[in-house]
Amino acid sequence: MGAAMRRIHVGNALSAFGLGFTVPYLYVYVAQVRGLGSVTAGLVLAVFAVAALIVLPFAGRAIVRRGPLPVLLAALVTAALGALSLGLSASAATVLLSAAALGAGQAVMQPALATMIVDCSTTETRSRAFAMQFFLQNLGLGVGGLIGGHLVDTTSASSFTLLFSIEAAMFLVLVAVMATVRAPRAPHVSGVPGQAAGNSWKQLLGNRAMVQLCVLGFVLFFACYGQFESGLSAYGVEAAGISTSTLGTALAANTLVIVVAQFAVLRFVERRKRSRVIASVGLIWAVAWAVAGYAGLGHGSQAMATAAFISTYALFGLGEALLSPTLAPLVADLAPTGLAGQYNSAFALVKQLALAIGPAVGGPLAASLHAPYIVAFLLFSLGITVLALRLGRELTDVQNQPSLARSRVVTQGGAPADAVAAAEA
């Protein structure tokens, strides 16, 4: 890794560490500590999603026109102000406004950092760069949540003010770190900047492979991440009799599998077609949902149900480890020159939409209709496999398997790869 990439990875870790401090305790803070009730707390969580959906379309255009670094710095300052204000807010209005600022800044960070990774990597190194990003994000979230859990005190609002202040400080430290990054200058879209940015959405929607990837991404995030803290946890408590402490253990198992397996699976992923790797994730997650079905609908002991439920989260973690070096690099490889920011923002928008709809659909279904919930999401997982295999037909050989670019038998633009390399040399 170059110096720029090292700073970007430090930035990812710091931002995840700061978010880990507050995200698990946001509902309790608003509803109980500030005494604003469950309705306001639910609105705060909704505001996060709505703010992201509003700003992400503009973020892509800004990244294309201004570059990812200025957009990232603006997002970090906005998120820092939102976090600090949230820690000091005592009324519903100020809490909601603060959450909107924090949610908007947090949402824009994702495509800006992803675009910087694209600019500082090559096709050959991109999978490892995004795997490292995902690894550090999970490690930061886990460590932040662990430390935050020891600092928080539900009887003291000042303890939460401390948490949000630490989160704001992490964002500001990240501003200082990222301001020193000297990333390679990405090529800009030719033509008038405003016109090019305006036409970029039309160009994106005309890219069949990218549209199919967005559909696939929506189902992936809806069926996995959108269920972690809503539907699946509600199902575990209501159907499987899982305690809240076991929920924490299950989430820890998910993080542990990601941290342990991330680089172990990387070599496997780099040598396989991306569409088939994603298809295998659908099968792994289908098994995870079947195991979850046993936990809540089987007739085994409580110990077996608990073990099965924790195994469900662990299997989800294995799938996530396979996806991290696959999805984001594929988005980058599908983007035309100069439009990586637009494509990253579009994919982040799809993710946020899935994360907003997933809990709204999965939560009520899991709490009352246990068997239909499991069957529905098992079918969604099998749908991931089908969609991934269909996507593979729209990709070029090198887009689907970048390692082929180094092969002597793969042609690039009608010429053998070794001849191309010799010509470039």
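A. Molecular detail of helix α1 (residues 3–22). Counted at 1.5 Å a residue, the expected span for α1 with its 20 residues is 28 Å, and the 30 Å between its end C-alpha atoms agrees. Counting buried positions along α1 gives 15 out of 20 residues, so the element sits mostly inside the fold.

B. Region of the structure containing the packing of α1 against helix α7 (residues 157–178). Taken N-terminus to C-terminus, the directions of α1 and α7 make an angle of 170°; their axes are 8 Å apart at the nearest point. Relative to α7, the element α1 lies roughly antiparallel. In contact with R7, I8, V10, G11, L14, S15, F17, G18, L19, F21 and T22 of α1, α7 contributes L163, F164, I166, E167, M170, F171, V173, L174, V177 and M178. Of the residues contributing to the contact of α1 with α7, the split by class is 15 nonpolar, 4 polar and 2 charged.

C. Quick look at the packing of aromatic side chains. Taken as a whole and judged by the stated rule, the model has 16 aromatic pairs. Geometrically, the ring pair formed by F221 and F347 is edge-to-face, given 5.9 Å between the ring centres and 65° between the ring planes. Of the two residues, F221 is situated in helix α9 (residues 208–223) and F347 in helix α17 (residues 340–368); the sequence distance between them amounts to 126 residues. Between F377 and F380, the ring centres sit 5.4 Å apart and the planes meet at 50°, which makes this aromatic pair tilted. Placement of both F377 and F380 in helix α18 (residues 370–392) is noted, with a separation of 3 residues, approximately one turn of the helix. Look at F377 and you get buried, because its relative accessible area is 2%. Since its relative accessible area comes to 33%, F380 is described here as partly exposed. Every member of this aromatic cluster is reached through a ring pair, and the members are F218, F222, Y235, W285, W289, F316, Y373, F377 and F380. Just above the ring of Y225 sits the side chain of K351; from NZ or CZ to the centre is 5.8 Å.

D. Looking closely at the nonpolar core. Counting 113 residues, the largest nonpolar core has M178, M210, L213, L232 and W285 as the members making the most contacts within it. Of the residues forming this core, the biggest block, 11 residues, is contributed by helix α5 (residues 92–119).

E. The arrangement of a nonpolar patch on the surface in detail. A surface patch of nonpolar side chains, amounting to about 470 Å² of accessible area, comprises L139, V143, L146, I147, L151 and L162. For the nonpolar patch, the element with the most residues is helix α6 (residues 126–151), which contributes 5 residues.

F. Structural context of the confidence of the model for the protein. For the protein, the mean per-residue pLDDT works out to 82, and 90% of the residues sit at or above 70. In the model, residues 187–197 has pLDDT below 50 throughout and makes 15 contacts with residues more than four positions away in sequence or in other chains.

G. View of the pattern of salt bridges. Counting across every chain of the model gives 4 salt bridges. A salt bridge links R126 to D333, with the shortest nitrogen-to-oxygen separation between them at 2.9 Å. Taken as a pair, R126 in helix α6 and D333 in helix α16 (residues 327–334) lie far apart in primary sequence, 207 residues in all. Look at R126 and you get buried, because its relative accessible area is 8%.

The rules behind these values
Residues numbered from 1 in each chain as written. Predicted model: local features only at pLDDT ≥ 70, side-chain atom pairs only at ≥ 80, totals over all residues. Heavy atoms only, no water. Helix = DSSP H or I, 4+ residues; strand = E, 2+ residues; numbered from the N terminus. Expected span 1.5 Å × (residues − 1). Buried < 20%, exposed > 50% of the residue type's maximum accessible area, 1.4 Å probe, protein only. Axes fitted to C-alpha atoms, helices over the stretch in contact; angles between N-to-C directions. Parallel < 35°, antiparallel > 145°, perpendicular 65-115°, else oblique. Contact = heavy atoms within 4.5 Å. Nonpolar A, V, L, I, M, F, W, Y, C, P; charged D, E, K, R; others polar. Phe/Tyr/Trp six-rings, centres within 6.5 Å; stacked < 30°, edge-to-face > 60°. Lys NZ or Arg CZ within 6 Å of the ring centre and 35° of its normal. Core = buried A, V, L, I, M, F, W, Y, C linked by side-chain atoms within 4.5 Å. Patch = residues over 30% accessible without salt bridge, like charges linked within 9 Å, V, L, I, M, F, W, Y side chains within 5 Å. Areas by Shrake-Rupley, 256 points an atom, 1.4 Å probe, with all protein chains shown as cover. Salt bridge = Lys/Arg side-chain N within 4 Å of Asp/Glu carboxyl O. pLDDT = per-residue confidence, 0-100.

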